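# Results of the structural survey
The lines below spell out each chain.
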Amino acid sequence: MNYTGQISIKVFEEDNKLKVVIEDDGIGIKQSKKLKATSGTQKGEKILEEQITQINKLYQTNYMVFIEDINEIKSSGNGTRVTIKIPLR
């Protein structure tokens, strides 16, 4: 199966944080999970959450990562959006 997709990366400052927004136009998280009988994604998300928690504790900061299905936040379109917020010192 050949598929030509697009990825957009936006980096900007907002509310004294560096904000990185990465979007793709793939099938999205929910559809991807439906197509896989067993998915490592849930395990990966849990590991990511644990790592962010550890970074925040270690450096006494407030890094944030949000992973969203684009069709849940926009009226049209597919894909995934990852938003990373890094506090500026």
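Below: a short report on this structure.

Criteria and cut-off values
- Residues numbered from 1 in each chain as written.
- Predicted model: local features only at pLDDT ≥ 70, side-chain atom pairs only at ≥ 80, totals over all residues.
- Heavy atoms only, no water.
- Helix = DSSP H or I, 4+ residues; strand = E, 2+ residues; numbered from the N terminus.
- Polar contact = N/O pair within 3.5 Å; in protein donor to acceptor, adjacent residues only side chain to side chain.
- Contact = heavy atoms within 4.5 Å.
- Pairing = 2+ DSSP bridges.
- Axes fitted to C-alpha atoms, helices over the stretch in contact; angles between N-to-C directions.
- Patch = residues over 30% accessible without salt bridge, like charges linked within 9 Å, V, L, I, M, F, W, Y side chains within 5 Å.
- Areas by Shrake-Rupley, 256 points an atom, 1.4 Å probe, with all protein chains shown as cover.
- Salt bridge = Lys/Arg side-chain N within 4 Å of Asp/Glu carboxyl O.
- Buried < 20%, exposed > 50% of the residue type's maximum accessible area, 1.4 Å probe, protein only.

Turning next to the side chain of glutamate 23. Along the chain, the position of glutamate 23 falls in strand S2 (residues 17-24). One polar contact links glutamate 23 to arginine 81, side chain to side chain, over a distance of 2.6 Å. The contacts of glutamate 23, once residues within four sequence positions are left out, are Gln6, Ile7, Ser8, Ile70, Lys74, Thr80 and Arg81.

The subject of this paragraph is the sheet that holds S2. Overall, antiparallel pairing links the 4 strands, which are arranged S1-S2-S4-S3 in an open sheet. The strands lining the two open edges of the sheet, one partner per strand, are strand S1 (7-14) and strand S3 (64-69). With direction set aside, neighbouring strand axes in the sheet form an average angle of 15°. Sheet topology note: the S2/strand S4 (residues 80-87) ladder contains 8 bridges and is antiparallel.

To continue, consider a nonpolar patch on the surface. Judged by side-chain polarity, Ile7, Ile9 and Val11 come together as a nonpolar surface patch covering roughly 330 Å² of accessible area. Here isoleucine 7 is to be found in strand S1.

Here we take up unusual backbone geometry. The phi torsion at aspartate 15 lies on the positive side, around 50°, for a residue other than glycine. As for its position among the elements, aspartate 15 is in the loop between S1 and S2. The exposure class assigned to aspartate 15 is exposed, which follows from its relative accessible area of 66%. Of note, the phi angle at asparagine 16 is positive, near 60°, even though the residue is not glycine. On the secondary structure map, asparagine 16 appears in the loop between S1 and S2.

Now for the environment of isoleucine 47. Counting through the fold element by element, isoleucine 47 comes out in helix H2 (residues 41-59). Since its relative accessible area comes to 41%, isoleucine 47 is described here as partly exposed. Separated by 18 residues in the primary sequence, isoleucine 47 and isoleucine 29 have C-alpha atoms spaced 17 Å apart.

Counted according to the given criterion, the structure contains 4 salt bridges. Between arginine 81 and glutamate 23 there is a salt bridge whose closest N-O contact spans 2.6 Å. Here the residue arginine 81 occupies a position in strand S4, and glutamate 23 occupies one in strand S2, the gap between them amounting to 58 residues. A single burial state applies to arginine 81 and to glutamate 23, both of which are buried. The salt bridge partner of lysine 30 is glutamate 72, with a shortest N-O separation of 2.7 Å. Of this pair, lysine 30 sits in helix H1 (residues 29-35) while glutamate 72 sits in helix H3 (residues 70-73), and the two are 42 residues apart along the sequence. In this structure lysine 30 comes out as exposed when scored by relative accessible area, which is 52%.

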